[in-house]
Amino acid sequence: MMTLLMGCSDYNGIVDSSDFEAISIFVKNKVTFDNVQKIEKLTIILDNYRENIHLEYDMDSLDIELKDVLPGLYNITVQGRVTTTDNETFMLSGTLVNYPLVKNKEVIDMEVKKSRLGDLIFSQIYYAGTPRYYFRDQFYEVYNNANHTMYLDGLFFANLTPGTATNKLPQWPEEDGDKYCYAERVWKFPGSGTDYPLMPGESCIISQFAANHQLPQYNPDSPIDCSSSEFEFNMDNPKFPDQPAINMVHVFYNGLEELGRIPQYLTSVFGGAYVLFEVPQGETYDPVNNVELQTNNLASSRSTLYAKIPIDYVLDAVECGHNETKISAKRVPGLLDSGMTWVGNTYNKLGVARILTSRRPDSTPIFQDTNNSTEDFERGITPMFRRQGAKMPSWNHTLNK
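Everything numeric in this text was worked out from a predicted model, so none of it was measured.

Participant: Got a minute to help me understand the state of the cysteines in this structure?
Facilitator: As used here, a disulfide is simply a covalent bond connecting the sulfur atoms of two cysteines. Within this structure, the stated rule accounts for zero disulfides. Looking at the unpaired cysteine 204, the closest cysteine sulfur is the one in cysteine 226, lying at 13 Å.

Structure below.
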């Protein structure tokens, strides 16, 4: 089955021109691991953002011929699910960004790799801020999309570099290959192992500053009261006093554990790239003292250090940008997020939230997670905590007064 969406004016302009003829292409997908038992729900998606063309095909096998494709620059995404011989299920994905489709009957070889299914996911992100130029109300909602209890203790949160999507991409060490993503700043959830459980259907909020932003001393135009947040990124700024929310533990910035001189943890109001990750049992993650987990941007003369995050550690990743044209400036490896989401402007009081797919028997939501933020998120929503009936954890400070 094929799904087609395109802007009528763009489409008519193309087909009326004698300069364009539809082409056929062959896509051959190579699985990069051996222990495959079953592949299912395999689809291929072609997006030409300049011409507003979206093509989506179901695949019966790893190879497919696509006919009647209009030439242009496309993002090509293959996604599905794979069950391995040890009965584990993973996301399966492969991505080519800004690929020129111009040759008729071209054969395109794509590598598809496995990544972890999202049990803990970003369900909502509010980064754009409020008029006029107020950004202290940024927050991130983390949701348990699984059917079992998850523990936040010791998990990591990071924003990737570049902080703002740009076509001037960094250059990383060649020997790194595609094994890492690269963080500007890394934080960790506190706890000794079982202090902060999230039951299925519960979420936690991490706020830049966990205050009621609608108070007169902050910004009454803010859409959100963050005072019920479970966690906050406290930067020890006396102008913004510590709130009852639990402080996240700072891990890394420019090679150091110290917070640095920046007075707040501000991620880009144009949209950042964010990851949640977990260190496997028996391994340690210390990007301050382990220099093998640090690197410079080799394309820059600056000495700024960034933290390497093995992509195998990542539980969820979301790429946000100015708009759909910035997908060519991706910071998140396509294996983790083959798309991008956006709100179209800054300081517009709008955020992004995951699409609801179904509900549990207790009516808590199950959200879409295909590792493609273009498809997985509603855009331009008014932020509110715990959308769609997500629940507050029992250890939230407002329930224990």
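Participant: How should I be thinking about the sheet that holds strand 9 (residues 120–126) in this particular structure?
Facilitator: Strands in a sheet are paired, the pairing made by backbone hydrogen bonds, and the direction either parallel or antiparallel. Read across the sheet, seven strands follow the order 17-16-15-10-9-24-27 without closing on themselves; strand pairing throughout is mixed. The open sheet has two edge strands, strand 17 (246–247) and strand 27 (377–381), and neither has a second partner. Two elements, strand 9 and strand 24 (residues 351–354), share two bridges in a ladder whose sense is antiparallel. Across the sheet, residue glutamine 124 finds its bridge partner in strand 24, namely alanine 353.

Participant: Where do I start with the pattern of salt bridges in this structure?
Facilitator: Where charged atoms from two side chains of opposite charge come close, those side chains can pair. Under the criterion given, the structure shown has nine salt bridges. A salt bridge links glutamate 230 to arginine 386, with the nearest nitrogen and oxygen atoms 3.0 Å apart. Taken as a pair, glutamate 230 in the loop between strand 15 (203–207) and strand 16 (231–232) and arginine 386 in the segment after strand 27 lie far apart in primary sequence, 156 residues in all. On the basis of relative accessible area, glutamate 230 is assigned to the buried category, the value being 2%. For arginine 386, a relative accessible area of 10% translates into the label buried. A salt bridge links aspartate 362 to lysine 391, with the shortest nitrogen-to-oxygen separation between them at 3.6 Å. Remark: lysine 391 occurs in the segment after strand 27 and aspartate 362 occurs in the loop between strand 25 (356–359) and strand 26 (365–367); sequence separation between them is 29 residues. Through salt bridges with shared partners, a single ionic network connects Asp316, Arg354, Asp369 and Asp376.

Participant: Help me understand the side chain of glutamine 124 in this model?
Facilitator: Along the chain, glutamine 124 turns up in strand 9. What makes glutamine 124 buried here is its relative accessible area of 2%. One polar contact links the side chain of glutamine 124 to the main-chain carbonyl oxygen of methionine 384, over a distance of 2.7 Å. Filtering out sequence-adjacent residues up to four positions away, glutamine 124 remains in contact with Phe139, Tyr140, Glu141, Val352, Ala353, Ile381, Pro383, Met384, Phe385, Arg386 and Arg387.

Participant: It is not clear to me how unusual backbone geometry should be interpreted in this structure. Could you clarify?
Facilitator: Where the residue is not glycine, phi is negative for most of them; where a peptide bond is considered, it is trans in most cases. The omega torsion across proline 131 and arginine 132 is -10 degrees, close enough to zero to call that bond cis. Of note, arginine 132 is situated in the loop between strand 9 and strand 10 (139–144). Cis geometry marks the peptide bond from threonine 161 to proline 162; its omega dihedral reads -5 degrees. Mapped onto the secondary structure, proline 162 falls in the loop between strand 12 (156–160) and strand 13 (180–188). The residue lysine 41 is not glycine, and still its phi comes out positive at about 55 degrees. In the Ramachandran plot, arginine 386 falls in the positive-phi region, its phi being about 55 degrees despite a non-glycine side chain.

Participant: Mind showing me how you'd approach the packing of aromatic side chains here?
Facilitator: Describing an aromatic ring pair means giving the distance of the ring centres and the angle of the ring planes. Tallied over the entire structure, the rule returns 28 aromatic pairs. Note on tyrosine 143 and phenylalanine 367: the rings are 5.0 Å apart at their centroids and 75 degrees apart in plane angle, and the pair reads as edge-to-face. Note that tyrosine 143 is positioned in strand 10 and phenylalanine 367 in strand 26, a separation of 224 residues in sequence. On the basis of relative accessibility, which here comes to 0%, the residue tyrosine 143 falls in the buried class. In this structure phenylalanine 367 comes out as buried when scored by relative accessible area, which is 6%. Centroid distance phenylalanine 189 to phenylalanine 231: 5.1 Å. Interplanar angle 85 degrees. Geometry classified as edge-to-face. Of this pair, phenylalanine 189 sits in the loop between strand 13 and strand 14 (197–198) while phenylalanine 231 sits in strand 16, and the two are 42 residues apart along the sequence. Overall, the relative accessible area of 0% leaves phenylalanine 231 in the buried class. Following the ring pairs from residue to residue traces out a cluster consisting of Phe122, Tyr140, Phe157, Trp187, Phe233, Tyr265 and Tyr274. Directly above the aromatic system of tyrosine 180 lies the positively charged group of lysine 308, at a separation of 5.2 Å from the ring centroid. Sitting above the plane of the tryptophan 342 ring, arginine 379 keeps its charged end 4.0 Å from the centroid.

Cut-offs applied
- Residues numbered from 1 in each chain as written.
- Predicted model: local features only at pLDDT ≥ 70, side-chain atom pairs only at ≥ 80, totals over all residues.
- Heavy atoms only, no water.
- Disulfide = S-S within 2.5 Å.
- Pairing = 2+ DSSP bridges.
- Helix = DSSP H or I, 4+ residues; strand = E, 2+ residues; numbered from the N terminus.
- Salt bridge = Lys/Arg side-chain N within 4 Å of Asp/Glu carboxyl O.
- Buried < 20%, exposed > 50% of the residue type's maximum accessible area, 1.4 Å probe, protein only.
- Polar contact = N/O pair within 3.5 Å; in protein donor to acceptor, adjacent residues only side chain to side chain.
- Contact = heavy atoms within 4.5 Å.
- Phe/Tyr/Trp six-rings, centres within 6.5 Å; stacked < 30°, edge-to-face > 60°.
- Lys NZ or Arg CZ within 6 Å of the ring centre and 35° of its normal.

Read these as layout, nothing more, since geometry by itself doesn't imply function.
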